[in-house]
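Breakdown of the fold
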Protein chains: 4
Amino acid sequence: MDARERILSTTLAVLARDGYSKLTIGGVAAEARVGKATIYRSWPNKPALVLDAVREELPAIPNEDTGDSNAELISVAHALADLYCSQKIRVALPALMADVADDSGLRSFLTENLIDGRKATSYQVLARAVERGVLPEDTDISLILDCWAGAILFRSLFFEENLDEDTVRRMVEATVASPPRLPAA
Amino acid sequence: MDARERILSTTLAVLARDGYSKLTIGGVAAEARVGKATIYRSWPNKPALVLDAVREELPAIPNEDTGDSNAELISVAHALADLYCSQKIRVALPALMADVADDSGLRSFLTENLIDGRKATSYQVLARAVERGVLPEDTDISLILDCWAGAILFRSLFFEENLDEDTVRRMVEATVASPPRLPAA
Amino acid sequence: MDARERILSTTLAVLARDGYSKLTIGGVAAEARVGKATIYRSWPNKPALVLDAVREELPAIPNEDTGDSNAELISVAHALADLYCSQKIRVALPALMADVADDSGLRSFLTENLIDGRKATSYQVLARAVERGVLPEDTDISLILDCWAGAILFRSLFFEENLDEDTVRRMVEATVASPPRLPAA
Amino acid sequence: MDARERILSTTLAVLARDGYSKLTIGGVAAEARVGKATIYRSWPNKPALVLDAVREELPAIPNEDTGDSNAELISVAHALADLYCSQKIRVALPALMADVADDSGLRSFLTENLIDGRKATSYQVLARAVERGVLPEDTDISLILDCWAGAILFRSLFFEENLDEDTVRRMVEATVASPPRLPAA
DNA sequence: AAGTAAACGAGACGGTACGTCGTGTCTTCCG
DNA sequence: CGGAAGACACGACGTACCGTCTCGTTTACTT
């Protein structure tokens with residue numbers, strides 16, 4: 001087990017045990033039996049380290065073409081819920097968002113790694129639904145996705161409440177019944 | 001101008017000028033020509049101070065009964081957008097959410113002060129729309145509000161993008177055309 | 001029991017209980033059920049207060065003319081030992097000496113109140129011994145007194161050791177046998 | 001020039017310039033371009049730091065066997081005078097004595113470092129005088145030394161007066177003529 | 001007896017120093 | 001010779017007292 005692995009897994013362990021604010025580069029180094037410099041050689045600061053540690057093994061968005069767009073849409077929404085309600089994300093994301101405020105490089109890194117890929121995948125699923133006529137031509141796909149993700153994240157952040165399966169389904173059904181449209185161009 | 005006022009207004013000024021992470025209790029104290037102890041006498045820590053400073057003069061949710069529920073719904077959504085896109089909130093909210101993670105007392109203080117009141121007011125407006133038949137009896141009002149707020153906040157946080165007037169309108173229209181329903185009970 | 005008395009006796013009590021360094025004006029005020037300003041109205045600072053509190057009821061130097069100068073000299077030396085080994089003095093004097101270093105007004109107040117009077121009295125006793133021929137005409141009385149007081153204080157300060165009765169007697173006897181002389185003029 | 005040296009020499013400089021009471025750990029750190037933690041890593045508090053800084057380069061007690069015990073005794077007394085009247089000691093010792101009152105560990109450190117060694121050396125010189133018959137067999141050497149040191153220190157502390165050469169000589173002569181004896185055992 | 005002034009308790013206030021902690025850089029020394 | 005160990009400069013933390021300053025509220029003296 002090389003240093004990098006030990007550092008990342010220790011980071012996750014400390015994060016889960018002590019939370020983000022009590023996680024310290026020095027603390028992780030000590031616990032991973034690693035010199036601080038070894039950490040700083042690979043990551044410029046705490047949010048970068050945490051982001052790197054958290055990034056992996058998060059739920060992905062399913063993009064299998066099953067022929068049944070309704071089912072696909074629901075599983076996309078579920079995947080979003082799984083993502084934003086995962087323990088790692090709940091513990092680290094708010095703090096990362098905050099720490100990242102001073103560092104636009106890190107900000108885009110975060111957005112690209114956690115958000116953009118999943119949004120692109122989700123977009124493909126919804127675009128397929130449009131092609132199939134399940135959603136109208138002028139559907140504002142991006143807005144739908146942000147509503148879904150936003151609702152999920154919002155409840156997670158402020159109410160410590162995860163969207164349950166049924167609620168996700170009702171939200172998706174309502175959206176499908178009448179999705180937001182793109183501007184008239 | 002007494003100490004409390006001087007502290008709060010200095011806090012807002014520093015927040016706007018330097019951002020949350022560079023705001024320091026000692027710095028605010030010095031700039032407000034106040035002893036640090038005077039701040040600590042009234043607020044236990046930085047997030048509490050910032051929250052208190054930020055809390056005031058944020059846009060409220062309009063709740064006038066105009067007879068036109070469609071217009072009312074749109075102005076509620078606009079008010080939410082104004083809230084979550086206000087400079088104060090954008091600068092402070094992510095950091096507050098993060099700092100608050102270790103302190104459930106502060107967490108509920110934040111939720112109660114920034115969220116709950118506005119959600120309750122918004123709820124009344126939507127409930128009126130239900131009474132008038134603009135929205136169906138079994139509308140999941142709370143879910144609608146969290147979708148709206150979530151979408152707005154999500155774009156603000158990750159894309160530094162504020163929902164423009166037209167987008168808000170399209171989102172509301174889609175919701176009204178087919179709102180999410182409450183579970184079958 | 002008026003304020004002044006309450007303050008002084010509380011000061012002595014705190015001094016005995018907590019030592020000089022842990023004695024604070026605010027603490028004395030609280031314990032004496034007195035406002036801090038009431039203390040500051042009468043004493044400019046902590047050493048002044050403590051000095052005032054300590055000053056009273058300290059052993060005086062006996063100056064009775066008994067006809068037996070040898071006995072008188074020994075009781076003077078004993079009185080010095082009693083003074084510098086008294087609990088009040090041991091607790092407060094070093095700290096007073098230190099605090100007083102920045103304030104020459106207070107320094108002379110201390111010297112005058114604690115030292116000068118006793119030294120003058122002691123001087124009289126030794127001068128009487130000179131008159132009687134127990135000590136030679138050119139005895140350096142002042143140097144004798146400073147040797148005695150110095151030895152006592154020195155042992156008290158550095159060795160936490162009080163000069164016992166026998167040691168005092170032997171010191172005095174040696175001095176009487178061959179006292180230091182004044183410079184040849 | 002490493003940190004330790006820089007700290008100690010800065011401490012001495014500040015001590016001489018500003019006095020003990022205005023010497024601050026933070027101030028020394030800033031002036032020595034050193035972090036406060038670096039000081040606290042090596043010294044637990046201000047008196048320990050000052051004691052360590054002051055300890056070096058203080059006059060030592062001469063212990064050369066010249067064959068002339070009278071001259072040796074006088075130079076011992078002179079060395080004591082040089083010690084207790086040295087600027088470093090005058091500035092720091094009273095405050096050290098005071099601060100040390102709460103910390104018996106530091107107290108013994110002080111005593112051992114400043115006093116005991118010199119007293120032991122002085123003792124040897126006087127013991128040699130006893131061997132040579134300059135002083136009687138049953139001389140209370142320790143009491144002599146404490147008288148000398150005490151007189152010197154006493155005048156330095158309370159009268160800001162240093163024992164001049166002649167006075168030291170007269171004090172020593174008187175002592176030699178009739179030293180205090182040990183208890184009859 | 002009422003009115004007024006002084007002294008008082010309580011404690012907020014601006015400041016200064018404290019001693020601790022974490023950061024990110026740098027050096028030392030061991031395997 | 002790469003990496004652990006940790007010293008280092010820096011700066012914020014939250015606490016404790018300082019000495020000053022308002023506040024009301026007793027007291028106790030004047031009228």
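The structure presented is a predicted model; accordingly, all values stated were derived computationally and were not measured.

The subject of this paragraph is the overall build of chain A. Summing up its helical and strand segments, chain A has nine helices and zero strands in all. Walking chain A from its N terminus toward its C terminus, one meets helices and strands in the order α-α-α-α-α-α-α-α-α. Along the longest, intermediate and shortest principal axes, the C-alpha atoms of chain A span 60 × 30 × 30 Å. With 185 residues in all, chain A has 51% of them scored as buried. A sequence separation of at least 24 residues applies to 68% of the contacts in chain A between residues at least 6 apart. Taken as a whole, chain A presents about 8,200 Å² of accessible surface, with 50% of it coming from carbon and sulfur. Distance between charge centroids for chain A: 8 Å, based on 20 positive and 28 negative side chains.

It is worth spelling out a negative patch on the surface at this point. Taken together, the side chains of A:D99, A:D102, B:D99 and B:D102 make up a negatively charged region of the molecular surface. As for its position among the elements, B:D102 is in the loop between α6 (87-99) and α7 (104-131).

Moving on to the state of the cysteines. One pass over the full model with this rule turns up zero disulfides over all chains. Unpaired in terms of disulfides, C:C85 finds its nearest cysteine sulfur in D:C147, a separation of 14 Å. With a relative accessible area of 13%, C:C85 lands in the buried category.

Of the residues lining the interface, 42 residues belong to chain C; the matching set on chain D comes to 42 residues. Between chain C and chain D, the buried area comes to about 3,400 Å², and carbon and sulfur atoms account for 66% of it. Of all residues in chain C, C:F154, C:F158 and C:R170 give up the largest surface area on contact with chain D, accounting jointly for 19% of the area buried on that side. At the surface where chain C touches chain D, the tally comes to six salt bridges. Across the pair D:D146 and C:R155 runs a salt bridge, and its minimum N-O distance is 2.4 Å. Taken together, the connections running from chain C to chain D amount to 14 residue pairs in polar contact (both at pLDDT 80 or more). Per-element tally for the side of chain C that touches chain D: the top contributor is helix α8 (residues 141-159) of chain C, with 14 residues. Broken down by class, the residue content of the side of chain C that touches chain D amounts to 24 nonpolar, seven polar and 11 charged.

We now examine the layout of surface pockets. Here the largest pocket is characterised by a volume of approximately 880 Å³. A:P94, A:A95, A:A98, B:P94 and B:A98 are the residues nearest the centre of the largest pocket, which is lined by 44 residues in total. Looking at the lining of the largest pocket, the elements that each hand over two or more residues are α6 (87-99) and α8 (141-159) of chain A together with α1 (3-18), α6 and α8 (141-159) of chain B. Sort the elements by how many residues they give to the lining of the largest pocket and α6(B) lands first, with nine residues. Broken down by class, the residue content of the lining of the largest pocket amounts to 23 nonpolar, eight polar and 13 charged. Considering the residues around the second largest pocket, the lining is formed by 32 residues, among which C:M97, C:A98, C:A101, D:V91 and D:P94 are closest to the centre. Of all the secondary-structure elements, those providing two or more residues to the lining of the second largest pocket are α6 (87-99) and α7 (104-131) of chain C together with α6 (87-99) and α8 (141-159) of chain D. The leading source of residues in the lining of the second largest pocket is α6(D), at nine residues. The residue makeup of the lining of the second largest pocket, split by class, is 16 nonpolar, six polar and 10 charged.

Reading the values: the criteria
Residues numbered from 1 in each chain as written. Chains lettered and ligands numbered in written order. Predicted model: local features only at pLDDT ≥ 70, side-chain atom pairs only at ≥ 80, totals over all residues. Heavy atoms only, no water. Helix = DSSP H or I, 4+ residues; strand = E, 2+ residues; numbered from the N terminus. Buried < 20%, exposed > 50% of the residue type's maximum accessible area, 1.4 Å probe, protein only. Contact = heavy atoms within 4.5 Å. Areas by Shrake-Rupley, 256 points an atom, 1.4 Å probe, with all protein chains shown as cover. Lys, Arg positive; Asp, Glu negative; His and termini not counted. Charge placed at Lys NZ, Arg CZ, Asp CG, Glu CD. Patch = residues over 30% accessible without salt bridge, like charges linked within 9 Å, V, L, I, M, F, W, Y side chains within 5 Å. Salt bridge = Lys/Arg side-chain N within 4 Å of Asp/Glu carboxyl O. Disulfide = S-S within 2.5 Å. Buried area = accessible area lost by both parts, 1.4 Å probe. Polar contact = N/O pair within 3.5 Å; in protein donor to acceptor, adjacent residues only side chain to side chain. Nonpolar A, V, L, I, M, F, W, Y, C, P; charged D, E, K, R; others polar. 1 Å grid on protein atoms, 1.4 Å probe; cavity = no way out; pocket = protein on both sides within 12 Å on 5 of 7 lines; lining within 4 Å. Points joined across faces, edges and corners; volume = space filled by probe spheres on them.

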